[in-house]
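# An overview of the molecular structure
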Amino acid sequence: MTSGFGLGLRTEHYNDFLAEPQPVEWLEVISDNYMVDGGKPLAMLDQIRANYPMVMHGVSMSIGSINGLDKDYLRKLKILEQRIEPMWVSDHLCWSGVHGRNLHDLLPLPYTAEALQVVKRNVEQAQEVLQRPMVLENVSSYVEYNASEMTEWEFLTEVCQATGCRLLLDINNIFVSAFNHDFSPSSFIEGVPIESVSQFHLAGHQDNGDILVDTHDHPVCDGVWDLYRQALIHFGYVPTMIERDDNIPSLLELIAELDMARAIADDVLNPKVAL
Amino acid sequence: MNLSELQSDFQRALFDSECKGADWISESARGLSARDRLDVYYNAYRIRLIDVLLDTFEHTAIYLGDDWFNQLAADYVQSHPSTYTNIGLYGRDFPPFLAERLADDKEVSELALMDWTLRRAFDGADSTVMSLDDLQQLASEGNEGIHLQAVPTLSISTQHFNTLDIWHAINQDQTPPVVERLPQPIDILIWRKGHSPHFRSLAKIESAAIACLCSAGSLDAIGATLEKDFPDVDVATEFGVMLHRWLDDEIISIDP
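Residue indices begin from 1 for each chain and proceed along its sequence in written order. A letter from A marks each chain and a number from 1 marks each ligand, given out in the order of writing. In view of the model being predicted, local features appear only for residues whose pLDDT reaches at least 70, and side-chain atom pairs are presented and counted only at 80 or more, with totals across whole chains, interfaces and linings using the full set of residues.

### Remarks on the overall build of chain A
A count of helical and extended segments in chain A gives 9 helices and 10 strands. For the radius of gyration, the atoms used are the C-alpha atoms, and the globule rule reads 2.2 Å times the number of residues raised to 0.38. Taking 2.2 N^0.38 as the reference for a compact globule, 275 residues should give roughly 19 Å; the C-alpha atoms of chain A span a radius of gyration of 18 Å, in line with that estimate. A principal-axis box enclosing the C-alpha atoms of chain A has dimensions of 50 × 50 × 35 Å. Working definition of burial: number of other C-beta atoms within 10 Å of the residue's own, with buried at 20 or more, exposed at 12 or fewer, and partly exposed in between, all C-beta atoms being placed from the backbone. Counting over 275 residues, chain A shows a buried share of 47%. Residue pairs are scored as contacts if the distance between their C-beta atoms, which are placed from the backbone, is within 7 Å. In chain A, 77% of the contacts between residues at least 6 apart in sequence involve partners at least 24 apart. A run of DSSP states H or I qualifies as a helix once it reaches four residues; a run of E qualifies as a strand once it reaches two. Both are numbered from the N-terminal end.

Structural data, given as structure tokens:
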């Protein structure tokens, strides 16, 4: 288990990480970007990995697909996992396509007993290949299903208990989905097992007025910082990172945002006693 | 509705030519309607894939201009559901799609094929490149029939138009030349040297030699083929020059 605060490694910052040590304790890499045959992506990954612990974060496992997991994808993921020896491997609680098609999105699942069995089967398949617990992230969602029989946090809890997998709580995704589906973000935070949470994501979103869209192209907003504070109070310290996927700012700017997370965590976890 | 039906219906809804909504989505007490909520995913699917095409086919997009490229990309997305886990591979059939749609503007598909092949070379398989010392070592060991093999990123495509000039002009932010059919088609070699994709045009004899390199691979076989197909050329001299250039260009692999 790592400690400290991390960033998502993006191509725009390769040179910053290669030029000099950066005040970042670990890096998260998008697994899919490095599941390639060779060339610059893997060369950069190897060089940066030499100086930073890493975690792997995938976007295409489609762990909720009725069709089961893509064995070739798992094979490539395992090869990458052996190459960079990450602290953990995460993906999303979602599905991305069925019947040989891919929608390249993180689509929400109906929270049903049947879907739970499908996810349980697929998580166990992934864990069997990776020989380690999977870490699952909650997604932002824009639809809910009539078929759902339980809440998202109840579903996540059941998955953790049934498979031993762990959770990556995306605080922004909780904020976005809570707004979009009119539930209390506190209920989510208080509804998942404390001991299962391995990582926090912090990110920005786009406010379209009547719906929030998880774009990862904005700084973290005040509401998400407040929810982060609440999560720290509930879970205690959890490795935390800023996730920016679009409109990528300078590394300096992201580190300043990460320092904000550090300051909040310090404030919550190490309260100053007034003399 | 079970999970299989729901996922199939959801997928079908996103592939449809218009977003029609779905009765298996909950109507929210506030905010957007179920149809508008589904529309978020419907639009995101298209935007994401068009962005991938824009990124992969950068020169082609500049050559066509935003409006024309986006329309063609949107048509491609609508008619080609993605079958790739790796979204970067989605544009594989875009060059032939353009060849069919723009049958009177074939330089566009040639440009797209060039964009595509360069992108694939970028993260293609690594290999250990043969040096002059490696080749001399093999020769000094007196091996009969030295076998050569091309690096895995190497490929050849044929162009019938001044597409190479168009690509260069776009790459240098200059106005592309007027399209012209070439008197003779030319072969273009694409490969990766170090971390960077490279390309250059090939003379007929070098194109034939590289085709041999990719199939038979032995020095003797390449020499014999060139002797047969180019009887008026001093093959020994030409092949020697070519071999040195191949080593400089890093197109020969020493991997077994």
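From this point on, the discussion continues.
### Side note on the sheet that holds strand E3 (residues 54-57) of chain A
Whether parallel or antiparallel, the strands of a sheet pair through hydrogen bonds between backbone atoms. Residues and elements named next belong to chain A. Read around the closed barrel, 8 strands run E1-E2-E3-E4-E5-E6-E7-E10, paired in parallel fashion. Within this sheet the neighbouring strands show an average axis-to-axis angle of 30 degrees, counted without direction. When DSSP finds two or more bridges between a pair of strands, those strands are recorded as paired. Both strand E7 (residues 197-202) and strand E10 (residues 240-242) contribute to a ladder of 3 bridges, which runs parallel. Bridge assignment links Leu 202 to a residue of E10, and that residue is Ile 242. For every element, the axis is a line fit to its C-alpha atoms; helices are fit only across the contacting stretch, and the angle between N-to-C directions ranges from 0 to 180 degrees. The strands that helix H9 (residues 251-269) touches are strand E1 (5-8), E7 and E10; relative to E10, the one it contacts most, it runs at about 150 degrees.

### Concerning the interface of chain A and chain B
The interface is formed by 40 residues belonging to chain A together with 40 residues belonging to chain B. Mapped by element, the contributors of at least two residues to the side of chain A that touches chain B are helix H2 (40-49), helix H4 (113-130) and helix H6 (171-181) of chain A. Amino acid classes used here: Ala, Val, Leu, Ile, Met, Phe, Trp, Tyr, Cys and Pro are nonpolar; Asp, Glu, Lys and Arg are charged; the rest, including Gly, are polar. Partitioning the side of chain A that touches chain B into residue classes produces 19 nonpolar, 11 polar and 10 charged.

### Focus: the nonpolar core
One broad trend across soluble globular proteins is that nonpolar side chains are buried collectively. Counting residues in hydrophobic clusters, the biggest one holds 135 residues, and the most contacted among them are Leu 136, Val 159, Leu 167, Ile 171 and Leu 202 of chain A. When we break this core down by domain, the ones giving at least three residues each are domain 1 (1-123) and domain 2 (125-256) of chain B. Beyond its immediate chain neighbours, meaning those up to four positions away, Leu 167 of chain A contacts Val 135, Leu 136, Leu 156, Cys 160, Val 192, Ser 196, Val 197 and Ser 198 of chain A. As used throughout, a nonpolar core is a set of buried Ala, Val, Leu, Ile, Met, Phe, Trp, Tyr and Cys residues joined through C-beta atoms within 7 Å of each other. Reported domain spans reflect what an automatic or database domain assignment gives.

### Section: the pairing of E1 of chain A
All names here are of chain A. Neither face of E1 is open: one carries Phe 5 and Leu 7, the other Gly 6 and Gly 8, and all of them are buried. In terms of strand pairing, E1 meets E10 through 3 bridges, oriented parallel. Its bridge partner lying in E10, Phe 5 is registered against Thr 240. As defined by bridge partners, E1 adjoins strand E2 (residues 26-30) across 3 bridges and the pair is classed as parallel. The partner of Gly 8 across the bridge, within E2, is Glu 28. Handedness of the β-α-β unit built from E1, helix H1 (residues 14-19) and E2 comes out right-handed. With the strands pointing away from the viewer, any crossover whose connection runs clockwise from the first strand over the helix to the second is right-handed.

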